[in-house]
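Now for the letters of each chain:
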Amino acid sequence: MKEIIYKAKKEIYIYNTLKRTKELFIPINKNKIGMYVCGPTLYKKIHLGNCRTFIFFDVLYRYFKHLNFNIKYIRNITDINYSFNNSFNNKYYSYFYKIKTYYSKFNKVLNIFNLLSPSLEPRTTSHIIEQINNIKKILKLKFAYKKNGSIYFNIEKYNKYIGNYGKILNNINIYNQFEKTNSFSKDKKNNLDFVLWKKLKNINIIKWKSLWSTGIPGWHIGCTTISNKYLGSYFDIHGGGVDLKLPHHECEIAQSNVINNKKKNLAKYWIHTNMLTINNKKMSKSLNNLILPYDIIKGKFKLTKNYKINPFILKLYLLQTHYRKPINFSLKSIKNSIKNYINLLNIFKKIKKIHPKKTSSSNINIKYYFNLCYKSMNDDFNIPLLIYNLIKINKIIDKCLNNVLKISFYDLKKIKKLMKIFLIDILGLKIFSIKLSKIKIKVLINKILKIRNEMRKKKLYLYSDKIRDILKNYVSIKDK
RNA sequence: GGCACCAUGGCCGAGAGGUUAGGCUAAGGUCUGCAAAACCUUAUACAGUAGUUCGAAUCUACUUGGUGCCUCCA
């Protein structure tokens, strides 16, 4: 049997936020890749915007694996936070119960999108000692100060001796701009300074003892500690949402540069995914515009008019826009893509229907399409371009089905392989069969009901009642 | 205020300096007893101005309109 996979060149270009240009990806250690992505904070259900980020990095993980890289993918779990104690009413059982349920809900959601598990999912609370040790180091090097039992990172000093806070934002002047904004902690010397260790009052139950006080570590030190522990002080890829650039990622870099006495900025390539908006606004609890994946899938989301949308159609929808562009979620945009995606995902069914003879020829250049697909992925993970190419190939299959184009037995096999690699292995989609979309069923039922009404007008009640009985499982019909 | 991002037909949305996705809608066709479904064909376009180029939706500059981050955030 001939080898029908065309091997991809490992020439990948990544847009590095640190340098704001596309760069050739050269791993620090030849074939090994370390990738860290900021995971969820377990204080609420994850929304579709969170999913967008995790889905994107899952495709990256799958793609690197496909290219035979030895990749270690770490996604942390933030299971303690300054605001946690209040929201859990300071009760142990309430805290543990909520963390457990939010974590299982998080996993359930990622499972329906068919995401692979990362190599490790370390938790903040399992790394308290390491975090305390790192804070000690920063204190010893005098890049932090103690005030009222809490420890703060000193940005002024950091900027003086290491000096690149604001690098990701391309705004080193942010230090000066920040003085204008309001202070929300009187203990800080400067508003940009951030908490490394937060002292908690006696009423707070979830806390740890340290040299300085009883309290919890700050949010940023958790990520630096965990990434350093599992990937080393300098690794290949650090990912997250754009909204984490400041302060979170700036703080991670600052801490790491101090702890490791390096100006390496923690990771070689920084990748930031853009936001999912609704009505062109970012989702937030206060605006009450959160999109929960389960609501859409189960048809409980008002904006999608209660249509049940298949998770893989939703996944394809999230992937069809380049990760550095915002997506504005709307019913129209998703509804208009549905048919397109159903067509694409039904490709294996279509391929089964084509039976070319072993002797028949074709003039389709499969190698050209393989190259196009790899080229798309290698150009800063241009998944929309990949999907565009797959749709093009899908059109070829359509043409073959209708005898507009001819295809040879072996070429058909190669197309099947190509689709398997990109749709299933890399994009992580599952092929399912859809006979009719829910939307079409609704149209269909409405048409039937129209006929029934005509029957009732003509007093053909025997038949109109039969229709009502048949449809009772799908719609309840109430006549005036 | 600083930094970053976005602008594509009647609508929704991809797009790689030349070949101009795809879907919805519309018109015509194949198939069919009539329909439906499926498929084929066709239509309309790149916010504005200037520049680079033999050639720009794509690159550069400016203008206009919009969004995000700068407070916890994916």
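Residues numbered from 1 in each chain as written. Chains lettered and ligands numbered in written order. Predicted model: local features only at pLDDT ≥ 70, side-chain atom pairs only at ≥ 80, totals over all residues. Heavy atoms only, no water.

Attention now moves to the nonpolar core. One finds Leu48, Phe64, Phe329, Phe381, Leu390, Phe422 and Leu427 to be the most contacted residues of the largest nonpolar core, which totals 97 residues. In terms of residues, this core owes the most to one element, helix H1 (residues 48-66), which gives 11 residues. Structurally, this core is a two-domain feature, drawing no fewer than three residues from each of domain 1 (1-9 + 357-433) and domain 2 (31-273). Each residue touching Leu427, except ones within four places of it in the same chain, is listed here: Val59, Lys315, Leu316, Leu319, Ile383, Leu386, Ile387, Leu390 and Phe422. Grouped together as the second largest cluster of nonpolar side chains are 36 residues, Ile155, Tyr158, Trp212 and Val258 included. (Core = buried A, V, L, I, M, F, W, Y, C linked by side-chain atoms within 4.5 Å. Buried < 20%, exposed > 50% of the residue type's maximum accessible area, 1.4 Å probe, protein only. Helix = DSSP H or I, 4+ residues; strand = E, 2+ residues; numbered from the N terminus. Domains from an automatic or database assignment. Contact = heavy atoms within 4.5 Å.)

We now examine the side chain of Asn134. Along the chain, the position of Asn134 falls in helix H4 (residues 128-140). Within the structure, Asn134 has its side chain in polar contact with the side chain of Thr225 (distance 3.1 Å). (Polar contact = N/O pair within 3.5 Å; in protein donor to acceptor, adjacent residues only side chain to side chain.)

Scanning all chains against the criterion turns up 12 salt bridges. Among the ionic pairs, Asp58 bridges to Arg62, the shortest N-O distance being 2.8 Å. Highlighted residues: Asp58 and Arg62, both in helix H1, separated by 4 residues, approximately one helical turn. A relative accessible area of 9% means that Arg62 is categorised as buried. In this structure, the salt-bridge partner of Asp243 is Lys282, at a minimum N-O distance of 3.2 Å. Placement of the pair is Asp243 in the loop between strand E10 (235-241) and helix H8 (245-259) and Lys282 in strand E13 (residues 281-282), with a sequence separation of 39 residues. (Salt bridge = Lys/Arg side-chain N within 4 Å of Asp/Glu carboxyl O.)

Put simply, helix H13 (residues 366-378) and helix H14 (residues 383-401) touch, their axes get as near as 7 Å, and they point 160 degrees apart. As summarised for this structure, H13 and H14 are arranged roughly antiparallel, according to the angle between their axes. When the axes of H13 and H14 are compared, the crossing they make is left-handed. Note on element contacts: H14 touches H13 through Ile383, Leu385, Leu386, Asn389, Leu390, Ile393 and Ile396, opposite Tyr369, Leu372, Cys373, Ser376 and Met377. Within the contact of H13 with H14, the residues separate by chemical class into 10 nonpolar, 2 polar and no charged. (Axes fitted to C-alpha atoms, helices over the stretch in contact; angles between N-to-C directions. Parallel < 35°, antiparallel > 145°, perpendicular 65-115°, else oblique. Left-handed = near helix turned anticlockwise from the far one by under 90°. Nonpolar A, V, L, I, M, F, W, Y, C, P; charged D, E, K, R; others polar.)

Along its 13 residues, helix H7 (residues 219-231) runs 19 Å from first to last C-alpha, staying within 8% of the 18 Å computed at 1.5 Å per residue. Of all 13 residues making up H7, 10 are buried, and the element is well covered by its neighbours. Two residues or fewer after H7 comes Gly232, characterised by a positive phi angle close to 90 degrees. (Expected span 1.5 Å × (residues − 1).)

Before going further, it helps to examine the confidence of the model for chain A. Model confidence for chain A is summarised by a mean pLDDT of 83, while 85% of its residues fall at 70 or above. With pLDDT under 50 throughout, residues 434-440 is counted as low confidence; its partners more than four residues away or in other chains account for 11 contacts. (pLDDT = per-residue confidence, 0-100.)

Structurally, the position occupied by Lys315 is in helix H10 (residues 311-319). Summary of buried charges: Lys315 has no salt-bridge partner, and the nearest side chain of opposite charge, Asp58, is 4.4 Å away. Engagement of the side chain of Lys315 in a polar contact is seen with the backbone oxygen of Phe113, the distance being 2.8 Å. At 2.9 Å, the side chain of Lys315 and the backbone oxygen of Gly428 are in polar contact. In this structure, Lys315 is in contact with Ile55, Asp58, Phe113, Asn114, Leu115, Leu427, Gly428 and Leu429, ignoring residues within four places of it in sequence. (Lys, Arg positive; Asp, Glu negative; His and termini not counted.)

Strand pairing in a sheet is mediated by backbone hydrogen bonds. Such pairs are either parallel or antiparallel. Spatial ordering of the open sheet is given by E5-E6-E7-E9-E8, a layout of 5 strands whose pairing is antiparallel. Two strands lie at the open edges of the sheet, namely strand E5 (144-147) and strand E8 (208-209), each paired on one side alone. As defined by bridge partners, strand E6 (residues 150-153) adjoins strand E7 (residues 195-199) across 2 bridges and the pair is classed as antiparallel. In the strand pairing of E7, Ile151 is matched with Trp197. (Pairing = 2+ DSSP bridges.)

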